[in-house]
Amino acid sequence: MATVKRTVEVELSTTGLDARGRPQRVPLVTDQEGNLVPVNAAPAVEPELEGEHMLINIGPQHPATHGVLRLVLELDGETVVRCIPHIGYLHCGFEKIGEYRQYNQIIPWTDREDYLNSPGNNVAFALGAERLFGIEITERCKVLRVIASELSRLISHCVWLGTFCIDIGAFTPFLWIFQQRERVYTMLESWIGARMTTTLTRVGGMGADIPDGWTEDLANFIRTFPRVLDECSAVLTKNGIWVGRMVGVGAMSADEAVNYGLSGPLLRASGVAYDVRKDFPYLDYETYDFDVPVGQAGDVYDRYLVRMEEMRQCIRILDQALKRLPDGPVNVSDHRVILPPKSKAMSDMESMIHHFKQVMEGPRPPIGEAYVAVESPKGEKGYYMVSDGTSKPVRWRIRPPSFVNLSAIPRMVEGHLLSDVIAINASIDIVMGEIDR
Amino acid sequence: MGLDRLDTRRTDTGVEYVPSSQESWVTTKLDFLVNWGRANSLWPMPFGTACCAIEFMATAASKFDLARFGMERMSFSPRQADVLICAGRVPFKLAPVLRRIWMQMPQPKWCISMGACASSGGMFDNYAVVQGIDTIIPVDVYVPGCPPRPEGLMYGIMMLQQKVMRERMADKSLRHEIEPDPSSQLYIAPPLIDELSEPFGNSIHQTRSGL
Amino acid sequence: MSADFTPVLAGRAAGGNVPAPVTPKNVPYRDGTANPSADALRARFGTTVSRVDVVWGETTVIVDAPRVNEIVRWLHDDPTQRYDYLVDVTAVEYRDLERPIEVVWHLRSLPFRRFIRLKALLQKGQPLEVPSVWDIYKGADWMERECFDMFGIRFVGHPDLRRILMWEQYKEGFPLRKDFPLRGRFSRSEQLRQILSQNPEAKYSMEEISIAEAFEDLPADVRARLGSGEPVGE
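Bear in mind the structure is a predicted one, so any value in this text is a computation, not a measurement.

Reading the values: rules and limits
Residues numbered from 1 in each chain as written. Chains lettered and ligands numbered in written order. Predicted model: local features only at pLDDT ≥ 70, side-chain atom pairs only at ≥ 80, totals over all residues. Heavy atoms only, no water. Helix = DSSP H or I, 4+ residues; strand = E, 2+ residues; numbered from the N terminus. Buried < 20%, exposed > 50% of the residue type's maximum accessible area, 1.4 Å probe, protein only. Contact = heavy atoms within 4.5 Å. Areas by Shrake-Rupley, 256 points an atom, 1.4 Å probe, with all protein chains shown as cover. Salt bridge = Lys/Arg side-chain N within 4 Å of Asp/Glu carboxyl O. Lys, Arg positive; Asp, Glu negative; His and termini not counted. Polar contact = N/O pair within 3.5 Å; in protein donor to acceptor, adjacent residues only side chain to side chain. Pairing = 2+ DSSP bridges. Axes fitted to C-alpha atoms, helices over the stretch in contact; angles between N-to-C directions. Buried area = accessible area lost by both parts, 1.4 Å probe. Nonpolar A, V, L, I, M, F, W, Y, C, P; charged D, E, K, R; others polar. Core = buried A, V, L, I, M, F, W, Y, C linked by side-chain atoms within 4.5 Å.

## Some remarks on the overall build of chain C
Tallying secondary structure elements over chain C gives 6 helices and 7 strands in all. When the 234 residues of chain C are sorted by exposure, 53% land in the buried category. In chain C, the share of contacts with a sequence separation of at least 24, taken over all contacts with a separation of at least 6, comes to 51%. If you sum the accessible surface of chain C, you get close to 10300 Å²; carbon and sulfur atoms cover 52% of it.

## Regarding the pattern of salt bridges
Residues and elements named next belong to chain A. Under the definition given, this model contains 61 salt bridges over all chains. The residue Asp 209 makes a salt bridge to Arg 140 at a minimum N-O spacing of 3.1 Å. Here Asp 209, found in the loop between β7 (205-206) and α6 (214-236), pairs with Arg 140, found in helix α4 (residues 139-168); they are 69 residues apart in sequence, far enough to count as distant. Since its relative accessible area comes to 34%, Asp 209 is described here as partly exposed. Overall, the relative accessible area of 10% leaves Arg 140 in the buried class.

## A closer look at the side chain of Asp302(A)
Residue and element names in this part refer to chain A. Mapping Asp 302 onto the fold places it in helix α11 (residues 300-324). Notably, Asp 302 is buried but unbridged: the nearest opposite-charge side chain belongs to Arg 303, and the N-O separation is 8.1 Å. Here the side chain of Asp 302 touches Gln 296 through a polar contact of 2.9 Å, landing on its backbone nitrogen. Leave out the neighbours within four places in its chain, and Asp 302 touches Ala 269, Gly 295, Gln 296 and Ala 297.

## Considerations on the environment of Asp212(A)
Relative to the helices and strands, Asp212(A) resides in the loop between β7 and α6. Residues Asp212(A) and Trp191(A), 21 residues apart in the sequence, show an inter-C-alpha distance of 9.5 Å.

## So, the sheet that holds strand β5 (residues 79-86) of chain A
Note on sheets: strands pair through backbone hydrogen bonds, and any given pair is parallel or antiparallel. Residue and element names in this part refer to chain A. Within the open sheet, the 3 strands sit side by side as β3-β4-β5. Their pairing is antiparallel. Either end of the sheet is taken by a strand with one partner, and the two such strands are β3 (54-58) and β5. Here the strands of the sheet are splayed against their neighbours by 20° on average, with no regard to which way each runs. Of the pairings in the sheet, the one linking β3 to strand β4 (residues 70-76) comprises 5 bridges and is antiparallel in character. From the neighbouring strand, Asn 57 faces β4, where its bridge partner is Val 72. Strands β3, β4 and β5 of the sheet are contacted by helix α16 (residues 418-428), whose axis makes an angle of about 150° with β4.

## Some words on the pairing of β5(A)
Residue and element names in this part refer to chain A. Looking at chain direction, β4 and β5 are connected through 7 bridges and run antiparallel. Looking across to β5, one finds that Leu 75 is bridged to Val 80. The antiparallel hairpin formed by β4 and β5 contains 2 residues in its connecting segment, where Gly 77 sits at a positive phi of about 75°.

## Some thoughts on the interface of chain C and chain A
Contacts between chain C and chain A engage 71 residues on the former and 81 residues on the latter. Of the roughly 6500 Å² buried between chain C and chain A, counting both surfaces, carbon and sulfur atoms make up 55%. Taken together, the connections running from chain C to chain A amount to 11 salt bridges. At the junction of chain C and chain A, the tally comes to 34 residue pairs in polar contact (both at pLDDT 80 or more). When contributions to the side of chain C that touches chain A are tallied by element, the ones reaching two or more residues are β2 (58-63), β3 (85-92), β4 (101-109), β5 (114-122), α3 (140-151) and α5 (206-211) of chain C. Its residues placed into classes, the side of chain C that touches chain A shows 39 nonpolar, 9 polar and 23 charged.

## Notes on the nonpolar core
Residues Tyr304(A), Trp105(C) and Ile153(C) are the most contacted members of the largest nonpolar core, which totals 227 residues. Residue contributions to this core peak at 16 residues, all from α4(A). In terms of nonpolar packing, the next biggest core, distinct from the first, is built from 21 residues, Ala87(B), Val143(B), Met154(B) and Ile157(B) among them.

## Some points on the sheet that holds β5(C)
All names here are of chain C. In spatial order, the strands read β1-β2-β5-β4-β3; together these 5 strands make up an open sheet with mixed pairing. Each edge of the open sheet is held by one strand with a lone partner, namely β1 (49-55) and β3. Ignoring strand direction, the axes of neighbouring strands in this sheet form an average angle of 20°. Here β2 pairs with β5 via 4 bridges, running parallel.

## With respect to unusual backbone geometry
With an omega of -5°, the peptide bond running from Gln107(B) to Pro108(B) counts as cis. With respect to the helices, strands and loops of the structure, Pro108(B) is situated in the loop between α3 (95-104) and β5 (110-114). With an omega of -10°, the peptide bond running from Cys146(B) to Pro147(B) counts as cis. Summarising the element assignment, Pro147(B) is placed in the loop between β6 (141-143) and α5 (150-165). Here the phi dihedral of Leu283(A) falls at roughly 50°; this positive angle occurs in a residue that is not glycine. With respect to the helices and strands, Leu283(A) occurs in the loop between α10 (276-279) and α11.

## Regarding the interface of chain A and chain B
Counting from both sides, the interface comprises 42 residues of chain A and, opposite them, 36 residues of chain B. Carbon and sulfur atoms supply 63% of the area that chain A and chain B bury against each other, a total of about 3400 Å² over both sides. Put simply, chain A and chain B have 2 salt bridges between them. The partner of Glu189(A) in a salt bridge is Arg149(B), with the nearest N and O atoms 2.3 Å apart. Counting across the chain A and chain B interface gives 11 residue pairs in polar contact (both at pLDDT 80 or more).

Quick look at the structure:
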């Protein structure tokens, strides 16, 4: 069959290539005769031409995701249409391992899940285990635990402030605030021997009593820390860039926040005055005089203000705790849970047997279960333990505040810009160790 | 295979490099210059996952200052980094991410495994955690501790600097990229991985639940 | 102190006669005072409530599994109960092989400052299914996904029940079950091999890939397999 070669001249109705170098698409519509013809309309009124949505992946390795969090964002230009978070990149089987460890052996594990709040987690677990055992701790132990919890809250908020500033773009407060953390680390190290993963408590008491001169160090710290906060606040709080990036961003209403199960400063910034220390107190927190800051707008700026104020309230509680620290024993004298003093264990037969049983088998609580929640810097931290009478729990459940807080991030970032996603993520204050466990 | 490795000898102040007679003054000086440049400006890529990452941040902060080692420029993009500091525990879900980051780093590259969990799985001997990142990527320096003190990490960094100073351009085996087996993606034989990951000593008793 | 704040002194404003909260001391092991909601539940739901326990001052109400959504909705909506805060959804499996798996809901009433634990028992031989409370509390979304991931319990009515902590193609099983060994079912090298040899695209869910531009470029059979929910990785 013979073919005929023809040259056809076609006039393009577009400029040919779009900004990304691909052929510009021209929509076709049907005219009166039923033929498909291109529409010669200005781009603004072209019908049925949707913008393409981009799928981008942030993480799991990224400096601004506060750990190994992976966010998949659907973007329309620079605006987030949808956010799908992926977690589990730090899942290390804590709850499974808890079933294979005695109660005192689990305490080092509580350090590692929320590693910014190690003393606080130790206290929370010890309270839960003591509820399960039915032990009342001594007065000195209670006050020491309040000191540990509040110091821990303080340094956790310091990390939050430092990393939050870096995410927004201000590098200097990070250095100022980490210097203060080093001071607290030195104090913790002189108390228990470790800077960060402290393993501070034991079931029925503490790992060690505070050394001589420690109260003077703490008093000195309480006196000088507020000045550093004032310095950071002076640079940030009324700063135009700071306020501009944070006001109105990521707001959650109070009802929604409660329905999502949020807790901690995130919930309080939305106007809900729920603090476990006030509503379901532990360690005699009702006898301390402190305020709980509550925000109004629920946006990132309110969360910042709430946490800054909480740090000042921590100092207030620490001051009161230091003044009321009583003398006396730190550990209960219950031989079922606390090791006898070495002098007795080496001389008295019964003490030696108690020592042996506790070390080899571990203390055994009665059959039962207990859920104890504390106010961690991230929110309501709960430990749910189920015992079947043996020395290792049947189930050790960690109720992680960051896990529940993070589940609301798709709701918080909808409609915001990409850089707001980073700000919102930082304002939730997540710790992946706690989320993934 | 490169030059013979038996050209270092131990003295009481450390390890001394005794060059074999084939190398000339020019190449050794060039080696020294290149290694000096690399060792004193190692740009770290902090692959920080857990608690060790916080101690790494504390090491970079003012009290323990990494800037004096030339390492204050943290590179979160692997393309611009020299040393991957794996700080924290690496679960199996994160293992392909770590392998990918390592592959994305251009040579010359080194790896510091910071902490017990990155070096050997640490206290996490369970279904979820990789028992040592050296089963996935090659490691140059292991820093023990849980978490290691900042001084410990700095000692590890200085050890890496000494290792870098001892390198020689003529030794081609140094800058050799790992090639994992295409089907299994492992670069160490599976029986060896299993043998290294087995619990030993007192760890064996810790896999009992209940009594 | 910052001038922007009116400090709030005593926690959330309580409705009605709610006593000021104190730290519980000398909590009895058994026979403590039950949460009044337990009696209200018994009155409202009758035999659906099979047992009420008070252990260490905490009230546990054991209910029938199929009616959990109804019960939780009543606890949430009823003006005398107002359990507006879902603390936790989790599960417990006992070492005793005969005992059923318990699914546990922890609820708080913030206005009345109450805490209650609901449990549903699931026999091990049958499929582990329980109604979801996602339509009542949005916070149940991830908690139920984690419970599914760790125990294999299906929450009927959950919009997107897939694994959350382990990767979606995880083959070894459900980690927190008692028949799952601590170090996993496979050897270490096999675990590494399984995770390292997966296709990176398998890490995106169907929803995500359909957003991406590249969806049209995928071969037709891959698109079909993605559409049917099959894992594209190995």
